[in-house]
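In case you want the letters, here they are:
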Amino acid sequence: MKTDFSQPRFTGARFNEHTLPVDVARDLAAYEALIIELAKHLYLQDHPERQRVPKGFAANFRLDIERIDEGSAKPLLALVMAGALALQGGEQDYFEKARDLITQCIAAPVTALPVNFPKELLGYFNQFGRSLREDEALELPLPDVNDSARLTQDKRKQLVLAADQVYEREISIIGHIEEVDFKNSTFRLRLMDGGQATVPMPDSFHNNARTYAGRPRHLISVLGIGTYDAWDHLQKVISVDLLDITKNYAISARFDEISQIQDGWFEGGGLAPDTDKLAFVSEQLIADYHDKLPLPQIVPKQDGNLLLEWKAEGDPSLDIDLIALQASFHAFGANGEDVERDFNLDAVGWQALFAFLSDNIKARQA
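Owing to the predicted nature of the structure, the values given are computational and were not obtained by experimental measurement.

### With respect to the sheet that holds strand β5 (residues 137–141)
Strand pairing within a sheet occurs via backbone hydrogen bonds; the two strands may be parallel or antiparallel.
Item 1. In space, the 3 strands of this open sheet follow the order β2-β5-β6, with antiparallel pairing throughout. In this open sheet, the two edge strands, each paired with only one partner strand, are β2 (9–11) and β6 (148–151). This sheet shows a mean twist of 25° between the axes of neighbouring strands, independent of strand direction.
Item 2. Bridge analysis of β2 against β5 gives 3 bridges, and the strand direction is antiparallel. Residue pairing across strands places Arg 9 opposite Glu 139, the latter belonging to β5.

### Quick word on the pattern of salt bridges
Item 1. One pass over the structure, following the stated rule, counts 18 salt bridges.
Item 2. Between Glu 178 and Arg 190 there is a salt bridge, with the nearest N and O atoms lying 3.1 Å from each other. On the criterion of sequence distance, the pair formed by Glu 178 in strand β7 (residues 167–181) and Arg 190 in strand β8 (residues 186–191) is long-range, its members being 12 residues apart.
Item 3. A salt bridge links Arg 215 to Asp 291; its shortest N-O distance comes to 2.6 Å. Here the residue Arg 215 occupies a position in the loop between α5 (206–212) and β10 (219–228), and Asp 291 occupies one in the loop between α7 (275–288) and β12 (297–300), the gap between them amounting to 76 residues.
Item 4. Overall, the relative accessible area of 25% leaves Arg 215 in the partly exposed class.

Reading the values: the criteria
Residues numbered from 1 in each chain as written. Predicted model: local features only at pLDDT ≥ 70, side-chain atom pairs only at ≥ 80, totals over all residues. Heavy atoms only, no water. Pairing = 2+ DSSP bridges. Helix = DSSP H or I, 4+ residues; strand = E, 2+ residues; numbered from the N terminus. Axes fitted to C-alpha atoms, helices over the stretch in contact; angles between N-to-C directions. Salt bridge = Lys/Arg side-chain N within 4 Å of Asp/Glu carboxyl O. Buried < 20%, exposed > 50% of the residue type's maximum accessible area, 1.4 Å probe, protein only.

Have a look at this one:
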């Protein structure tokens, strides 16, 4: 048996094409799970003589996306009942009551939630609505009135914190690995803002953790789920979906900036660097620039080439001709003489260049 059950409305820029992003579908699965648990609770409230709901009460219930209508994105959820429930009919009312009570809970001020909504189920809002972004909302039609309840990130946070001291949300954090605990399969991440977080890691990341621990130039991006307090301070990383490594982050970020330069960037003149050659040079520097070398200042030149300068003994610099793929080094020696050398930036030339830089660039003494 199939009947129309609910039609949430997702609003926000992601839904303007009347499509539903795959990650948002997880919210509908969480909505279904909350309906089931709340329906069980309501049934047992009405039947105090029972310890359990009837056999098959939840197993024979599911919500299917029948279609997605326009008006941002409006998935029509069909209630599919099977087995004993489809025949008995009466239990279906509890799923409809649960649907309406969830909507009323979202619409109510957090200080005046419906008394028959159990506090222990507010934790389900850790999952229901998690994928929503700051400018998005999930609207559910209120029963018997021409209005809707709006679930946003902020409202979801309020609902969870009404029953707990922390709430869950998706995280995106970045920092460098300070310390690794292989026994517990975690590492301590020093965040860009100076804070820290202990991050669980899969076995497949152990080799990377060994390689990059204690190397602050190489940053780790973490996407996953974390718990936050009422002031939005990260309390704990509870799961990780993606760990991504950006080698030599400062160099990578600078080349990203330079890649955005357009012709005429310097007072109406100035050539933009050749895109392909710039990408080739940046890949080499990011991949193989040695941790012990001081970081250079990377400057675009008006002729479309690059200049690298170091705050180091002898004021070393490196002119890179992107078209010819050649580099020219210059510095002042201890006695004021010029130190110069040219490199072809082929595979052998890059190795020679990095070895030469390691031998000839020394950080100034503080």
